[in-house]
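Residue strings, one per chain:
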Amino acid sequence: MVRRLVPFLVAAVLPSTVLAQSADRALLTELAKVKAVDAHSHLLINRVEPAGKALAQQRSATDLPLRLRGLGPEWARTWKLLYKVNVPDPSDKRFAEPEKRFAELQQARELLVEDLGAEFSNHMLDLASVEMAIVSGDPLTGKGLERFRFVPRADVFLRPFAQDSAEALKPFFIAARMYTLPKGLDEYLGKVVTAALERWVSEGAVGIDVGISAWRGLDFAEVNAEVARAAYGRLVIGGEFGANPADLKAFQDYTFRYLAAEAGRVGLVVHVKTGMSRDATGIVGYGNPILLGASMADPRLQKTKWLLVHGGFPFDKETGPLLLRPNVYADVSVQDLVRSPTELGESLRRWFELAPERVCFATDAASDPSASQLRWPELTFLGAETTRAALAIALSRMVSDGLVTKAQALQIGKGVLRENALTLHGFGLQPPEAATTAERVDR
Ligand SMILES: [Zn+2]
């Protein structure tokens, strides 16, 4: 089958990213109409600027992946669209003065925030054609937050002995009427960990965010309860600093599987960070999703639903076979910010040949204090645009290779942009109050 290239119409739907690619026009047009669900994002409520900006060290552009440096023409186009401001692009001689470039942009962002108030975040989602975003953080409610769902961070339960965890643990201690960590592991797991998960469910959380791959590998082994209890006993006295690494590993391995089992029991999806982070910090190999294989195969964890956040990139090939488990999903967050549609399309196609119904759109959009160009609205927009373009490329090729019909290709694309994330999080199967919102989203 001959692939059709209609640059004029393609440009109208998805400006520059797709021009060089061959994608089926009708498919692209249909995908542009789908109101997406962003399965992994970070939100500053109706704000653009992160707190602590002045404190954060500004990173030089070359420390960031090429697409995140704010220099390509796609950025100037995005800023114009979101904030109605003309930021010099690479063809403009004012482009060489980065400070001036960002001052005007900054003003335009702040004006719009002021102007739109509680509607700011929603307006930004609309411009990216995203209907709902699942964001990392504690559940919040309020005006303008109806289109957000929350996934609280659970890493503190795996690092309770670390000095920087004391503050984060306080609310859980208060809820459990405790002053400090209990002496025994079972009491810790029941009164702190399980109690927190149950409270989060009652507050409307839809998952838990596990970013432990910033500290250690995802190889959580099966550990005997007695061994874990003994390790906990020593750690609770001595703390994490200077602890025996074997004790720490035994405690974390055991607690991770407990946490995952409990999340499955109470209906929270385990969002595990895999692969590289947005700014390529940390040890990338820690996040190889294949390391999670043993936990996923644990018979006690078959009710647990997993979302491999960032899709494991650069280990996205390893992600593929994991998706054959009916309770394992992966998202394209970070990848749709640092990779081109052509490159992302390659990974998507590889996953689609295995389990297309368990791939989700996501961005990892966040306002990053260390770089003036990296703000939640623009990253949401660029991520959504890149995913749509990558989908069109991957699916058009699958159609021309005779693997799927056009109708099937469109169904796969709709699933990725929206339906798979809704299915994974059980929207529509929630208690009456939450169901009303989910139904609104389903329309
Ligand atoms: Zn993230």
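So, a few notes on the structure that sits alongside this text. All figures in this text were calculated on a predicted structure; none of them were measured in a lab.

1. Topic: the packing of helix α2 (residues 25-33) against helix α14 (residues 376-400)
Okay, so step 1: Following both chains from N to C, one finds α2 and α14 inclined at 145 degrees, their axes separated by 10 Å at the closest point. Crossing handedness for the pair α2 and α14: right-handed. Contact residues: L27, L28, L31 and A32 in α2; R388, L391, A392, L395 and S396 in α14.

2. Let's talk about α2
Okay, so step 1: Of all the residues in α2, the buried ones are L27, L28 and L31. One side of α2 carries all its buried residues, which in axial view fall inside an arc of 95 degrees.

3. Comments concerning the pairing of strand β1 (residues 36-41)
Two faces, one strand: in a regular strand the side chains alternate between the faces of the sheet.
Okay, so step 1: Taken across its 6 residues, β1 has 6 buried, putting it largely inside the fold.
Okay, so step 2: Bridge analysis of β1 against strand β2 (residues 130-136) gives 4 bridges, and the strand direction is parallel. Residue A36 lies in a different strand from β2, and its bridge partner there is V130.

4. Details of the nonpolar core
Okay, so step 1: One finds V193, L308, C360, F361, A392 and L395 to be the most contacted residues of the largest nonpolar core, which totals 118 residues.
Okay, so step 2: It is α14 that provides the largest number of residues to this core, a total of 14 residues.
Okay, so step 3: For L308, the residues in contact, after removing those within four places along its chain, are V272, T274, P289, T319, L322, V328, Y329 and A330.

5. Thoughts on the packing of helix α8 (residues 225-238) against helix α9 (residues 245-266)
Okay, so step 1: At a minimum axis separation of 8 Å, α8 and α9 run at an interaxial angle of 120 degrees. When the axes of α8 and α9 are compared, the pair comes out oblique. In this structure, α8 meets α9 at a crossing whose hand is left-handed. Mapping the contact onto sequence places V227, A228, A231, Y232, R234 and L235 in α8 and D247, L248, A250, F251 and Y254 in α9.
Okay, so step 2: Among the residues making up the contact of α8 with α9, the classes are represented as 9 nonpolar, no polar and 2 charged.

6. What to know about unusual backbone geometry
Okay, so step 1: In the segment running from F313 into P314, the intervening peptide bond is cis, with an omega of 10 degrees.
Okay, so step 2: For P314, the location among the structural elements is in the loop between β6 (306-309) and α11 (316-322).
Okay, so step 3: Backbone geometry at V334 places phi at a positive 70 degrees, although glycine is not the residue there.
Okay, so step 4: With respect to the secondary-structure elements, V334 resides in the loop between β7 (328-331) and α12 (335-338).
Okay, so step 5: A tally of 29 C-beta atoms within 10 Å means that V334 is categorised as buried.
Okay, so step 6: Backbone geometry at D364 places phi at a positive 70 degrees, although glycine is not the residue there.

7. Quick word on the sheet that holds β2
Okay, so step 1: Strand order across the open sheet formed by 3 strands is β1-β2-β3, with parallel pairing between neighbours. Among the strands making up the open sheet, the edge pair consists of β1 and β3 (148-151). Looking at each pair of strands side by side, their axes are set apart by 20 degrees on average, direction ignored.
Okay, so step 2: Direction of pairing for β2 relative to β3: parallel, over a ladder of 4 bridges. Each residue of the ladder has a partner; that of S136, found in β3, is V151.

8. Looking at the environment of F352
Okay, so step 1: Here F352 lies in helix α13 (residues 341-352).
Okay, so step 2: Taking the C-beta count within 10 Å as the criterion, F352 has 24 such neighbours and is therefore assigned buried.
Okay, so step 3: Along the backbone, F352 and R109 are 243 residues apart, and their C-alpha atoms lie at a distance of 38 Å.
Okay, so step 4: In this view, F352 contacts A394, M398 and I412; residues no more than four positions away in its chain are not counted.

9. Focus: the pairing of β7
Okay, so step 1: Alternating residues of β7 divide into V328 and A330 and Y329 and D331, and every residue in both groups is buried.
Okay, so step 2: As defined by bridge partners, β6 adjoins β7 across 3 bridges and the pair is classed as parallel. Along β7, the bridge assignment pairs W306 with V328.
Okay, so step 3: Once the chain exits β6 it traverses α11 before rejoining the sheet at β7, and the crossover so formed is right-handed.
Okay, so step 4: Across 2 bridges, the pairing between β7 and strand β8 (residues 359-360) is parallel. Within the sheet, the bridge partner assigned to D331 lies in β8 and is C360.

Thresholds applied
- Residues numbered from 1 in each chain as written.
- Predicted model: local features only at pLDDT ≥ 70, side-chain atom pairs only at ≥ 80, totals over all residues.
- Axes fitted to C-alpha atoms, helices over the stretch in contact; angles between N-to-C directions.
- Helix = DSSP H or I, 4+ residues; strand = E, 2+ residues; numbered from the N terminus.
- Left-handed = near helix turned anticlockwise from the far one by under 90°.
- Contact = placed C-beta atoms within 7 Å.
- Buried ≥ 20, exposed ≤ 12 C-beta atoms within 10 Å, placed from the backbone.
- Arc of directions from axis to C-beta.
- Pairing = 2+ DSSP bridges.
- Core = buried A, V, L, I, M, F, W, Y, C linked by C-beta atoms within 7 Å.
- Parallel < 35°, antiparallel > 145°, perpendicular 65-115°, else oblique.
- Nonpolar A, V, L, I, M, F, W, Y, C, P; charged D, E, K, R; others polar.
- Right-handed = clockwise from strand over helix to strand, strands pointing away.

The values are spatial; any link to function lies outside them.
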